[in-house]
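Structure at a glance
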Amino acid sequence: MAITIEGSEVAKHCTRDSCWVVIHGKVWDVTNFLDEHPGGVGLILKCAGRNATNSYETVHNPELVGEMLPAECCVGAIKPGDLAEQDLANEDILGNGQATAASSPPLTSLINIGDFEKVAEKCLSAAGWAYYSSGAEGEISLDDTRRIFNKISLRPRIMRNVESISTSINILGHTSSLPLYISPTGLGRYAHKEAETILSSVAGDEGIIYMMPTSPSQSHDAIFSARISKDQPLFFQLYSSRDRSKAKALVQKVESLGASAIFVTVDSPVLGRRERDDRVKVAAGEQATQAGVAKSSATGLLNPTLIWEDLKWLKGVTRLPIVLKGVQTVEDAILAHRHGVQGIVLSNHGGRSLDTAQAPMLTLLEIRKYAPYLLSPTIRQGFQVFIDGGIRRGTDIIKALALGASAVGVGRPFLYSLTAEYGKAGARRLVQMLRTELETSMALIGAVEVTDLAPEMVNSERAESEVSRRVKL
Ligand SMILES: Cc1cc2nc3c(=O)[nH]c(=O)nc-3n(C[C@H](O)[C@H](O)[C@H](O)COP(=O)(O)O)c2cc1C
């Protein structure tokens, strides 16, 4: 039976050395989690010894605390009536944006994806903008994704009848009206309070697939309920908890809610060091992130103990297709195929994990050079290769597909499209921009179907000169 704890007792635990908070009537000891909190230690400490439900709900989904913290961190239930008053106002948590939605340009004046980014920079709070736009450390990997795409040029074919273009493809057995899906991103609340439910329904309206994150701002149930029909596929991104019973419960829950595939994130066993996040925290009088490997191992979302052998266990707890998100070398692409997963995402977490990790496009070129069989029509029936990071143009999609990717993921632009209270209309306009660019570029390159996009339509030789000659197969 839960122990009842008086408010006066909770109030004593208000320091870095002993930090308790009340969330939805339960008292949690979050002392060991402080350094790992992505929003910074300071934010939790502001709520220490108090009722933190409002702060927590402003950013996180209701189930997260129970899923992420070990059960023993729940020290009891608050005595009914105690600490009823709420803690921080929403602005203290999300920060104030520098521009109001009213001063933002009308949606119809935005012409390309880059325009959304400019609006987002003005509308998001300093913390929100840093969290969304930053990469790890020197942001070399963040910038490199675009640099490599721009090193690849197109070789259009002429005199083909391109009057009617079809952009539709099959992703893991599901039809998608575009060869792209919405990549999972945490803390959607900075952009819009209903970020994930909007993306879920926009994906349905546009006939594309949304991959929801392990830790969205809204509940998993709400995101599944926001689908336009029960048949609408939704993918689930999994940070596989080191506590297998928790990981199993989560996977089986989303499977029962209707998830169509599990994408296990494998590029972030620990948190990458994002210095811009730290600078915002320091400017607000908080401490920079202290979370090192040891802290990440202790508790929380990430699991530094995840290894290849765990895939056998995961396959045993779900019937859903499993895809590894965050493969960064041809060696690991081969291993993933040997381990019988249904696909891989070539990704370096949008440049947010290991800085100077090579661009996902270089990994694709590495696969083309050393293990081209992984991209063959026969293999792709049971093993699809996806790619994300820096996809901003229809021509980027063409380059990725011509070189063998089955589809691409788009992350940050969808967050930006929700800002300035554009919400659903913003996200739909973004999809329409990409659709128009892709259709136009396919016509101009001489491809009427996605399957017409072939390697010879791309000159990737300048990028290929950067492919590693030192792989170990
Ligand atoms: C703000 C933000 C949060 C993210 N959160 C997650 C996450 O929770 N899980 C995950 O697997 N990837 C996460 N990612 C990585 C994206 O899924 C994706 O790999 C990356 O954003 C693609 O690059 P792009 O933003 O340039 O399109 C996040 C990326 C951003 C920008």
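All values derive from a computational prediction rather than experimental measurement. (Residues numbered from 1 in each chain as written. Predicted model: local features only at pLDDT ≥ 70, side-chain atom pairs only at ≥ 80, totals over all residues. Heavy atoms only, no water.)

Some thoughts on the nonpolar core
Core analysis: the largest hydrophobic core is formed by 113 residues, its most contacted members being Phe263, Ile344, Met361, Leu364, Phe386 and Leu453. For this core, the leading source of residues is helix 20 (residues 423-445), giving eight residues. With near-sequence residues (within four places) excluded, Phe263 lies in contact with Leu172, Met211, Phe235, Phe236, Gln237, Leu238, Val323, Lys325, Val345 and Phe386. Of all hydrophobic cores here, the second largest spans 18 residues; its members include Ile23, Phe33, Val41 and Leu69. (Core = buried A, V, L, I, M, F, W, Y, C linked by side-chain atoms within 4.5 Å. Buried < 20%, exposed > 50% of the residue type's maximum accessible area, 1.4 Å probe, protein only. Helix = DSSP H or I, 4+ residues; strand = E, 2+ residues; numbered from the N terminus. Contact = heavy atoms within 4.5 Å.)

So, the domain arrangement of the chain
Examined at the domain level, the chain breaks down into domain 1 (4-92) and domain 2 (128-269 + 306-464). Here the C-alpha centroids of domain 1 and domain 2 sit 35 Å apart. Contact with domain 1, which involves 14 residues of that partner, is made by 13 residues of domain 2. When the area that domain 1 buries against domain 2 is broken down by residue, the three leading residues are Val59, Asn61 and Glu67, summing to 44%. For the pair domain 1 and domain 2, the number of links is zero salt bridges. The element contributing the most residues to the side of domain 1 that touches domain 2 is helix 4 (residues 64-68), with four residues. For the side of domain 1 that touches domain 2, the per-class residue count stands at seven nonpolar, four polar and three charged. (Domains from an automatic or database assignment. Buried area = accessible area lost by both parts, 1.4 Å probe. Salt bridge = Lys/Arg side-chain N within 4 Å of Asp/Glu carboxyl O. Nonpolar A, V, L, I, M, F, W, Y, C, P; charged D, E, K, R; others polar.)

Observations regarding the packing of helix 7 (residues 126-133) against helix 12 (residues 275-283)
Taken N-terminus to C-terminus, the directions of helix 7 and helix 12 make an angle of 165°; their axes are 8 Å apart at the nearest point. Accordingly, the angle class assigned to the pair helix 7 and helix 12 is roughly antiparallel. Judged by the sense of rotation from one axis to the other, the crossing of helix 7 with helix 12 is left-handed. Only Arg276, Asp277 and Val280 of helix 12 make contact with helix 7, whose side of the interface consists of Ala126, Ala127, Trp129, Ala130, Tyr131 and Ser133. Its residues assigned to classes, the contact of helix 7 with helix 12 comprises six nonpolar, one polar and two charged. (Axes fitted to C-alpha atoms, helices over the stretch in contact; angles between N-to-C directions. Parallel < 35°, antiparallel > 145°, perpendicular 65-115°, else oblique. Left-handed = near helix turned anticlockwise from the far one by under 90°.)

Side note on the sheet that holds strand 15 (residues 407-410)
One closed barrel accounts for eight strands, arranged 8-9-10-11-12-13-14-15; its pairing is parallel. Each neighbouring strand pair of the sheet contributes to a mean axis angle of 30°, computed without reference to strand direction. Sheet topology places strand 8 (residues 180-182) next to strand 15; three bridges connect them, and they run parallel. For Ile182, the partnering residue across the bridge sits in strand 15 and is Val410. Here helix 11 (residues 244-257) sits on the sheet in contact with strand 10 (234-238) and strand 11 (261-265), set at roughly 175° to strand 10. Sitting on the sheet, helix 14 (residues 310-317) touches strand 10, strand 11 and strand 12 (322-327), and the angle it makes with strand 12 is about 145°. (Pairing = 2+ DSSP bridges.)

A short note on the site of the ligand
Lining the immediate environment of the ligand, one finds 22 residues, of which Pro184, Thr265, Asp388, Arg392 and Gly411 sit closest. Between a nitrogen atom of the ligand and a side-chain N or O atom of Gln237, the distance comes to 3.2 Å. Gly411 places a main-chain nitrogen or oxygen 2.8 Å from an oxygen atom of the ligand. With the chains in place, 97% of the 600 Å² that the ligand exposes on its own is no longer accessible. Elements with a contribution of two residues or more to the shell around the ligand: helix 7 and helix 19 (412-418). The residue inventory of the shell around the ligand, partitioned by class, reads six nonpolar, eleven polar and five charged. (Near = heavy atom within 4 Å. Polar contact = N/O pair within 3.5 Å; in protein donor to acceptor, adjacent residues only side chain to side chain. Areas by Shrake-Rupley, 256 points an atom, 1.4 Å probe, with all protein chains shown as cover.)

Here's the deal with helix 18 (residues 394-402)
The α-helix advances 3.6 residues per turn, and as a result positions three or four apart in sequence lie on the same side. Of all nine residues in helix 18, eight are buried; the element is thus mostly enclosed. Buried residues of helix 18: Gly394, Asp396, Ile397, Ile398, Lys399, Ala400, Leu401 and Ala402, and no others.

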